Amino acid sequence: MALVTSKEMFKKAYEGGYAIGAFNVNNMEIIQGIVEAAKAENAPLILQVSAGARKYAKPAYLKKLVEAAIEDTGLDVVLHLDHGEDFEICKQCIDDGFTSVMIDGSKFPFEENIELTKKVVDYAHERGVVVEAELGRLAGVEDNVKVSEKDAIYTDPDQAVEFVERTGVDSLAIAIGTSHGAYKFKGEPKLDFERLEKITNMLPDFPLVLHGASTVIPEFVEACNKYGGNIPGAKGVPEDMLRRAAKLGVCKINIDTDLRLAMTAAIRKFLAENPDVFDPRKYLGKGRTAIEEMVTHKIKNVLGCSNKR
Ligand code: G3H
Ligand code: 13P
Ligand code: ZN
């Protein structure tokens with residue numbers, strides 16, 4: 001039971017054709033819901049912290065909450081920085097004891113992304129920390145990305161090989177059609193599996209990462225809307241596509257939106273049905289249970305990492 005790096009986890013996931021869930025954490029209830037599910041399923045686990053999460057909960061609280069979760073459950077956990085935007089935040093997290101950081105230089109030109117990523121890799125590796133980088137840009141994050149520009153934002157396989165060789169990075173987030181948030185596809189969901197297979201074949205035994213991988217399950221969108229929300233036409237990545245990606249070298253699948261929807265739906269429902277309750281433990285407890293159920297579903301039915309600890 002400890003904070004560990006993802007090295008061994010990724011090796012086993014790659015060989016076993018399954019993926020590890022990287023779940024975003026922002027408070028105690030979210031952390032508890034996730035680790036209870038991972039413990040019950042005996043699953044490997046990555047907890048990831050965004051800059052927004054650090055701002056909301058303060059870095060010291062999140063670190064201590066994750067340590068408490070490890071102590072309480074006996075799990076090994078990877079503590080990962082999600083979307084580190086510069087060297088400084090990566091350095092801070094490494095110095096704070098994170099076992100994994102993402103440097104997201106995807107908005108920079110190729111050479112600048114390499115230079116920045118290499119700087120983080122050098123600092124991290126000297127301290128036993130692993131690094132994820134990103135090449136290509138996820139649709140939906142950038143404004144006004146036109147369909148005709150598809151190839152310009154999707155990850156180029158030749159560049160991916162050069163990027164990995166020159167930076168020494170431990171894993172790579174690729175763009176093959178996913179995007180962050182609840183609106184991933186205007187029409188039918190479609191991922192570029194041909195591109196994924198090409199990248200996997202050109203980078204054998206190398207772990208790839210899929211961001212923006214929430215499924216946006218209609219049941220939860222509807223549950224949010226039933227109790228006062230207005231989230232029309234949300235659409236995410238179908239579960240069978242995620243299972244397919246996990247067999248093609250994708251070892252880490254990032255999930256945040258589905259947790260947000262599950263937690264919000266449960267709290268909205270509870271408060272609507274119990275308007276006189278004002279004890280935060282009552283509604284936050286419902287949110288925590290909803291997170292646990294969602295993570296259990298992901299581990300069992302999507303990631304395939306039950307009993308892979
Ligand atoms: O990729 C982004 C994650 O969903 C985290 O979102 O920056 O609002 O914490 P956030
Ligand atoms: P979703 O918004 O699809 O959950 O993606 C989360 C993510 O990629 C975090 O880095
Ligand atoms: Zn992301």
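Here the structure is shown first, and the text comes after it.
Residues numbered from 1 in each chain as written. Chains lettered and ligands numbered in written order. Predicted model: local features only at pLDDT ≥ 70, side-chain atom pairs only at ≥ 80, totals over all residues. Heavy atoms only, no water.

Novice: Would you mind showing me how to read the overall build of the chain here?
Specialist: Along the backbone of the chain there are 13 helices and eight strands. Radius of gyration (C-alpha) of the chain: 19 Å, near the 19 Å computed for a compact globule of 309 residues. Taken over the C-alpha atoms alone, the chain extends approximately 60 × 45 × 35 Å along its principal axes. With 309 residues in all, the chain has 55% of them scored as buried. Taking the intrachain contacts of the chain between residues at least 6 apart in sequence as the baseline, contacts between residues at least 24 apart amount to 77%. Of the roughly 14200 Å² of accessible surface on the chain, a fraction of 50% belongs to carbon and sulfur atoms. In the chain, 40 side chains carry a positive charge and 48 a negative one; their mean positions are 4 Å apart. (Helix = DSSP H or I, 4+ residues; strand = E, 2+ residues; numbered from the N terminus. Rg over C-alpha atoms; globule rule 2.2 N^0.38 Å. Buried < 20%, exposed > 50% of the residue type's maximum accessible area, 1.4 Å probe, protein only. Contact = heavy atoms within 4.5 Å. Areas by Shrake-Rupley, 256 points an atom, 1.4 Å probe, with all protein chains shown as cover. Lys, Arg positive; Asp, Glu negative; His and termini not counted. Charge placed at Lys NZ, Arg CZ, Asp CG, Glu CD.)

Novice: What exactly am I supposed to notice about the environment of M102 here?
Specialist: By the element assignment, M102 lies in strand β4 (residues 100–103). In this structure the C-alpha to C-alpha distance between M102 and V169, which are 67 residues apart in sequence, comes to 9.8 Å.

Novice: Can you help me understand the site of ligand 2 in this one?
Specialist: Taken together, 15 residues are adjacent to ligand 2, and D82, K184, S214, D256 and T257 come closest. In this structure, H211 approaches ligand 2 through a side-chain N or O atom, which is 3.1 Å from an oxygen atom. Here T257 contributes a side-chain N or O atom positioned 2.6 Å from an oxygen atom of ligand 2. Within the complex, the protein chains bury 96% of what would otherwise be the 310 Å² of accessible surface of ligand 2. Put simply, the parts of the chain that give the shell around ligand 2 at least two residues each are β3 (78–84) and β8 (250–255). For the shell around ligand 2, the residue count by class is two nonpolar, ten polar and three charged. (Near = heavy atom within 4 Å. Polar contact = N/O pair within 3.5 Å; in protein donor to acceptor, adjacent residues only side chain to side chain. Nonpolar A, V, L, I, M, F, W, Y, C, P; charged D, E, K, R; others polar.)

Novice: Help me understand unusual backbone geometry, please; the structure alone is not making it clear to me.
Specialist: Excluding glycine, residues mostly have negative phi values, and the peptide bonds linking residues are mostly trans. Even without being a glycine, D205 presents a positive backbone phi close to 65 degrees. As for its position among the elements, D205 is in the loop between α9 (193–202) and β7 (208–210). For V216, which is not glycine, the phi dihedral falls at a positive 55 degrees. Taking the relative accessible area as the measure of exposure, V216 reaches 3% and is therefore buried.

Novice: Teacher, can you tell me more about helix α2 (residues 28–41) here?
Specialist: Helical geometry note: an α-helix holds 3.6 residues per turn, so side chains three or four residues apart project in the same direction. An ideal rise of 1.5 Å per residue puts 20 Å on 14 residues; α2 measures up with 20 Å between its terminal C-alpha atoms. Those residues of α2 that are buried lie in contact with β1 (20–24), β2 (46–49), α4 (59–73), α12 (257–273) and α13 (280–303). Its side-chain oxygen 3.3 Å from the backbone nitrogen of E29, N27 forms the N-cap of α2. (Expected span 1.5 Å × (residues − 1).)

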